[in-house]
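Residues per chain are reported as follows:
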Amino acid sequence: MTPEQRRFSGIMLFTVGIVSLCMAGLVTGLNLSTRADAAERFVEEQRMCVARLSVLGGQIAEMPGRIGWTKVGLERAPALLGESSVASVMCPGWKMTQACVGMECPEPNSMNIVLEPMNKPE
């Protein structure tokens, strides 16, 4: 290789390296932006689900990535079971992962359900 060819190869490799570095920065920036948008949408979906559940009454506990809903008063047990199925329908994108009624629950005279996102990694 002549010195001119080496210089040309060095300049081309340097240019390709700079372009590759810029592309990596662009892809990283787009990825971070997409993640921030997805997190914002998740928080909004959780707020909407909590608002819908509050219409049914009871106590709502928001935990990171989960929603707990507790209703006291087992004298209306059949109605409470119906409300629990309605709760899972009122929050699209969320699934019921835990449910208890009566003596199964930490608070004996209550019904408790926990909703988690359907796409939550196991």
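You'll find the structure just up there.
Description of the structure in this document. All figures in this text were calculated on a predicted structure; none of them were measured in a lab.

**Focus on the environment of Phe-42**
1) Next: Topologically, Phe-42 is positioned in helix H1 (residues 3-55).
2) Next: What Phe-42 contacts, discounting residues up to four positions off in sequence, is Gly-65, Trp-94 and Pro-117.

**A few points about the sheet that holds strand E1 (residues 59-63)**
1) Next: Read from one edge of the open sheet, four strands run E1-E2-E4-E3, paired in antiparallel fashion. Edge strands, defined here as strands with exactly one partner in the open sheet, are E1 and strand E3 (94-101). Along the sheet, successive strands turn relative to each other by an average axial angle of 15°, direction set aside.
2) Next: Sheet topology note: the strand E2 (residues 66-72)/strand E4 (residues 110-117) ladder contains six bridges and is antiparallel. Bridge pairing links Val-72 to Ser-110 in E4.

**Section: H1**
1) Next: Helix length check: H1, at 53 residues, gives a terminal C-alpha distance of 79 Å against a target of 78 Å (1.5 Å per residue), a fit within 8%.
2) Next: Every buried residue belonging to H1 is among Gln-46, Cys-49, Val-50 and Leu-53, and all of these are buried.
3) Next: Just past H1, the residue Gly-57 takes up positive phi, approximately 85°.

**Focus: the side chain of Gln-46**
1) Next: Its place among the elements puts Gln-46 in helix H1.
2) Next: Separated by 3.4 Å, the side chain of Gln-46 and the backbone oxygen of Met-63 make a polar contact.
3) Next: When sequence neighbours within four positions are dropped, the list of residues in contact with Gln-46 reads Glu-62, Met-63, Gly-65, Arg-66, Ile-67 and Trp-94.

**Here we look at the pattern of salt bridges**
Opposite charge on two side chains lets them pair, provided their charged atoms get close.
1) Next: Following the criterion strictly, the structure yields two salt bridges and no others.
2) Next: For Arg-47, the salt bridge is made with Glu-44, and the minimal N-O distance between the two is 2.9 Å. Residue Arg-47 and its partner Glu-44 are both found in helix H1; the two are separated by three residues, about one turn of the helix.
3) Next: Classification of Glu-44 by relative accessible area gives partly exposed; the value is 37%.

**A closer look at the pairing of E4**
1) Next: The buried fraction of E4 amounts to seven of the eight residues, a majority that puts the element mostly inside the structure.
2) Next: Note: E3 against E4, seven bridges, orientation antiparallel. What sits directly across from Gln-98, in E4, is Val-114.

**Regarding the nonpolar core**
1) Next: Ranked by size, the top nonpolar core spans twelve residues in total: Cys-49, Val-50, Leu-53, Leu-56, Ile-67, Trp-69, Ala-87, Cys-91, Trp-94, Met-111, Ile-113 and Leu-115.
2) Next: Secondary structure elements with two or more residues in this core: H1, E2 and E4.
3) Next: Setting aside its immediate chain neighbours within four residues, Ala-87 contacts Leu-53, Leu-56, Trp-69, Ile-113 and Leu-115.

**Considering a nonpolar patch on the surface**
1) Next: Together, Val-19, Met-23, Leu-26 and Leu-30 line one region of the surface with nonpolar side chains, adding up to about 400 Å² of accessible area.
2) Next: Structurally, the position occupied by Leu-30 is in helix H1.
3) Next: Owing to a relative accessible area of 52%, Leu-30 belongs among the exposed residues under this scheme.

Cut-off values and rules
- Residues numbered from 1 in each chain as written.
- Predicted model: local features only at pLDDT ≥ 70, side-chain atom pairs only at ≥ 80, totals over all residues.
- Heavy atoms only, no water.
- Helix = DSSP H or I, 4+ residues; strand = E, 2+ residues; numbered from the N terminus.
- Contact = heavy atoms within 4.5 Å.
- Pairing = 2+ DSSP bridges.
- Axes fitted to C-alpha atoms, helices over the stretch in contact; angles between N-to-C directions.
- Expected span 1.5 Å × (residues − 1).
- Buried < 20%, exposed > 50% of the residue type's maximum accessible area, 1.4 Å probe, protein only.
- Polar contact = N/O pair within 3.5 Å; in protein donor to acceptor, adjacent residues only side chain to side chain.
- Salt bridge = Lys/Arg side-chain N within 4 Å of Asp/Glu carboxyl O.
- Core = buried A, V, L, I, M, F, W, Y, C linked by side-chain atoms within 4.5 Å.
- Patch = residues over 30% accessible without salt bridge, like charges linked within 9 Å, V, L, I, M, F, W, Y side chains within 5 Å.
- Areas by Shrake-Rupley, 256 points an atom, 1.4 Å probe, with all protein chains shown as cover.

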